[in-house]
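Chain by chain, the residues run as shown.
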Amino acid sequence: MNGKVWFVGAGPGAPDLITVRGARLLAEAGAILYTGSLVAETVLEWASPDCEIADSKSMDLQQVTAWLLEQAQRHATVVRLQTGDPTLYGVFAELARPLDHAGIPVGIVSGVSSAMASAAAAGECLTLPEITQTVIFTRLSERTQMPERESLTALAAHGCTLCIFLSIERIEAVVEHLTAAGWHGTAPVVIVHKATWPDEELILRGTLDDIAMQCRVARIDRQALILVSPALGARAWTDAQPSKLYDAAFPRRFRPAS
Ligand code: SAH
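First, a word on what this report is: a plain description of the structure on this page. Here the structure is a predicted model, which is why all the values come from computation and not from measurement.

Its identity as a non-glycine residue notwithstanding, L166 has a phi of 55°, on the positive side. Phi at T196 is positive, roughly 70°, even though this residue is not glycine. Take T196: it is sitting in the loop between β8 (188-193) and β9 (202-207).

If you want it as structure tokens, here you go:
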């Protein structure tokens, strides 16, 4: 028998932030492979009691592939559970290639990315009318080489919102790139550690000048998202102009101008 392998987004951590479709597949799955260090184990509460559950924390890519191939021979539904959304900073293509080659059907179920969950946890919006309308998802280059045009300095020069993944352990370098791109030392920065993880979420609010020190003091050096944006803290602005979106004089598709 050939089952189908689903790459399911577990969401950022809270077990009720997986999608209904993802939870249904976990309940249906004969086998689930999850990333122990990243996926909150509470999400596995959706799995059926007789499901075979394995942690890929200590497996290499070849072992993960072999596990998925083998389980797909035995179960109709196999789930590879990823943090957040499976299409961001995972190894989907590398894992799907051998499955495609073996003729095993593959599907992806979206998840709530930690970028969205971090903004929500901090009570912030990533876009703000007339201030910034663009969001860049990126990371510092490290072992994963990045094209020069995608260096953090080059991207930060746009002045729009940045959601920086996988870089908290090098927060000082992040600050250097932003400074080189022209961001002021007083620019607001929000760090969200383990967004939505029950009892573990931690939010730091600072500026480019003090955020690295705050991270050191709070000992945050992994599983955190760095949010930098001219829209941060907008709720507290007292001199903000009302947005055109709800301006009575501004015609919208479903609402004539008054
Ligand atoms: N696919 C995932 C990202 C995986 S890469 C997603 O869509 O969110 C792992 C990085 O994601 C971490 O280094 C961290 O920057 C971020 N991350 C994952 N879970 C997080 C969480 N609960 N809170 C904050 N950042 C998180």
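Lining the immediate surroundings of the ligand are 18 residues, of which D85, L88, S114, A195 and A224 lie closest. The backbone of T83 places a nitrogen or oxygen atom 2.9 Å from a nitrogen atom of the ligand. Relative to its free-state accessible area of 550 Å², the ligand is covered by the protein chains to the extent of 95%. Taken together, the residues of the shell around the ligand break down into ten nonpolar, six polar and two charged.

In this section: the sheet that holds strand β2 (residues 31-34). With parallel pairing, five strands are arranged side by side in an open sheet as β3-β2-β4-β1-β5. Where the open sheet ends on each side, the last strands, each with one partner, are β3 (52-55) and β5 (106-109). Sheet twist, expressed as the mean angle between neighbouring strand axes with direction ignored, is 20°. Two strands pair when backbone bridges link them, and strand β1 (residues 4-9) and strand β4 (residues 77-82) are joined in this way by six bridges, in the parallel orientation. Paired with G9 across the bridge in β4 is Q82. Relative to β4, helix α1 (residues 20-28) is tilted by about 130°, and along the sheet it contacts β1, β2, β4 and β5.

I171, I191 and I226 are the most contacted members of the largest nonpolar core, which has 27 residues in total. Of all the secondary structure elements, the ones that give two or more residues to this core are α5 (152-156), β7 (161-165), α6 (171-180), β8, α7 (211-218) and β10 (224-228). The contacts of I226, once residues within four sequence positions are left out, are L162, C163, I164, S167, I168, I171, V174, V189, V190 and I191. Grouped together as the second largest cluster of nonpolar side chains are 20 residues, L25, V39, V43 and W197 included.

What counts and what doesn't
- Residues numbered from 1 in each chain as written.
- Predicted model: local features only at pLDDT ≥ 70, side-chain atom pairs only at ≥ 80, totals over all residues.
- Heavy atoms only, no water.
- Helix = DSSP H or I, 4+ residues; strand = E, 2+ residues; numbered from the N terminus.
- Near = heavy atom within 4 Å.
- Polar contact = N/O pair within 3.5 Å; in protein donor to acceptor, adjacent residues only side chain to side chain.
- Areas by Shrake-Rupley, 256 points an atom, 1.4 Å probe, with all protein chains shown as cover.
- Nonpolar A, V, L, I, M, F, W, Y, C, P; charged D, E, K, R; others polar.
- Pairing = 2+ DSSP bridges.
- Axes fitted to C-alpha atoms, helices over the stretch in contact; angles between N-to-C directions.
- Contact = heavy atoms within 4.5 Å.
- Core = buried A, V, L, I, M, F, W, Y, C linked by side-chain atoms within 4.5 Å.
- Buried < 20%, exposed > 50% of the residue type's maximum accessible area, 1.4 Å probe, protein only.

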